[in-house]
Amino acid sequence: MTKDTISPPDQTGGTVAMAVLNAIQNPVVMVDESGFVAFANWEAEAFFGASASHLARYRISTFIPFGSPLLALIDQVRERKAPVNEYRVDLSSPRLGQDKLVDLYVAPVISEPGAVVIVFQERSMADKIDRQLTHRAAARSVTGLASMLAHEIKNPLSGIRGAAQLLEQSAVDDDRALTRLICDETDRIVSLVDRMEVFSDERPVDRMPVNIHSVLDHVKAVAKAGFARNIRVTESYDPSLPAVYANRDQLVQVFLNLVKNAAEAVGDRPDGEIMLTTAYRPGIRLSVAGTREKISLPLEFCVHDNGPGVPADLLPHLFDPFITTKTNGSGLGLALVAKIIGDHGGIIECDSQNSRTTFRVLMPASKDVSLEDASSVSSTGPSR
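Presented here is an overview of the structure given in this document. All residue numbers here refer to positions counted from 1 along the written sequence of the relevant chain. The predicted nature of this model means local features are confined to residues of pLDDT at least 70 and side-chain atom pairs, given and counted, to a pLDDT of 80 or more, with totals for whole chains, interfaces and linings taken over all residues. Where side-chain values are given, they derive from all heavy atoms of the structure, hydrogens and water being excluded.

Stacked, tilted and edge-to-face are the three classes applied to pairs of Phe, Tyr and Trp rings, where Trp contributes its six-membered ring and a pair requires centres within 6.5 Å; stacked means planes under 30 degrees apart, edge-to-face means over 60, and tilted covers the rest. Counting across every chain of the model gives six aromatic pairs. Aromatic pair Tyr-58 and Phe-63: ring centres 5.9 Å apart, planes at 85 degrees, arrangement edge-to-face. When accessible area is computed with a 1.4 Å probe and restricted to protein chains, residues below 20% of their type maximum are described as buried, those above 50% as exposed, and intermediate ones as partly exposed. The partly exposed category is assigned to Tyr-58, whose relative accessible area is 33%. Aromatic pair Phe-255 and Phe-301: ring centres 6.3 Å apart, planes at 65 degrees, arrangement edge-to-face. Here Phe-255, found in helix α9 (residues 248–266), pairs with Phe-301, found in strand β12 (residues 299–305); they are 46 residues apart in sequence, far enough to count as distant. Of the two residues, Phe-255 and Phe-301, both sit in the buried class. Numbered from the N terminus, helices here are DSSP runs of H or I no shorter than four residues, and strands are runs of E no shorter than two.

Quick look at the nonpolar core now. Take the buried residues of types Ala, Val, Leu, Ile, Met, Phe, Trp, Tyr and Cys, join any two whose side-chain atoms come within 4.5 Å, and each joined set is a nonpolar core. The biggest cluster of nonpolar side chains holds 42 residues, and the ones touching the most others in it are Phe-255, Leu-258 and Ile-274. Residue assignment for this core shows that the elements contributing at least two residues are α8 (212–225), β8 (244–246), α9, β9 (273–280), β12, α10 (333–343), β13 (347–353) and β14 (356–363). With nine residues, the single largest contributor to this core is α9. Any two residues whose heavy atoms approach within 4.5 Å at even a single point are treated as in contact. In this view, Leu-258 contacts Val-303, Leu-334, Val-337, Ile-348, Phe-359 and Val-361; residues no more than four positions away in its chain are not counted. Counting residues in each nonpolar core, the second largest holds 26 residues, with Ala-44, Phe-48, Leu-55 and Phe-63 among its members.

How far a helix is expected to stretch is found by multiplying one less than its residue total by 1.5 Å. When the terminal C-alpha atoms of α8 are compared, their 20 Å separation across 14 residues agrees well with the 20 Å that a helix rising 1.5 Å per residue should span. For α8, the set of buried residues is Ile-212, His-213, Ser-214, Val-215, Leu-216, Asp-217, Val-219, Lys-220 and Ala-223.

Pairing geometry for strand β1 (residues 28–31) and strand β2 (residues 37–40), over three bridges, is antiparallel. Within β2, the residue paired with Val-31 across the bridge is Val-37. By this definition, two strands are paired if DSSP reports at least two bridges between them. Counted between consecutive antiparallel strands, the loop separating β1 from β2 contains five residues, among which Gly-35 sits at a positive phi close to 95 degrees.

This is the structure we're talking about:
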């Protein structure tokens, strides 16, 4: 059987089947017994960068890297006549692009001997969900630790500090330096515990429609007046962006943290630059725990910098507590950012390569409220 002998869908159920396949947000292709692409849905056209009619002229091997495991999977499915799943298959190539990690589902088409259907799920989406679940689990672990520290450490520390102050009153000059050191170190530990106590705050977030451009302009003004005064800060905003449903003060905290990290990464390099961008993307949909509801995350807010980047071995754990590249860092800043974004039902991720680091925040839009409406409610600075 050749690719020309694949039976076309009937006119009654075929139209519905095509609509269903094109509605699937994963690339789906059918390969005939000769290896030609007999069908490709819209997502597959985007994935391979070619129309279905163009794909149909060639074998699937034309579009994937030489020696790809996908070809062996197709042969295996034909031989066993049973579906196969394969995870984290690398399809990176000059044609498809870099970092093309996919999960594959390959199944036989019973009505067409030798034909198989292939469903691709790009790991970028799956990894976003996996990373977000990891970040939330890490935040929960810090929550328990913070509660324990608040009760078991702060009280003894206050006693230690009080005793040191009493000793300081009768100590000679040489010993007074030691009692001062005890006080300073206890204060530092209390400050660290206070920062961790933020994780144990489980109160509902007070949210309202927020103009994100007002937030970012405020963050930029604070940065330029202080830690980023010598760094070029630019922006590229989508002026038609709808409002985000969020707590404005917490968003300011999030982006001040991200911009401060970017400024520290850029350092004193003369060509250092931080860019703030906003865009509307067809966001992924996440399930809400305990319900059947799914939320869309179409709002993308990014902080880019051209610093040296994040080490590859650190990148998967960047939002975990106590992970830091700073000499005197506590490793709680990004963990707190991940908690705040997670509490808002959003996702944060980091891409870092070739001296280009991007922190990307995906969040839900406010329902039935435009950006102009949000500006009148929440803006404290110029909107864009």
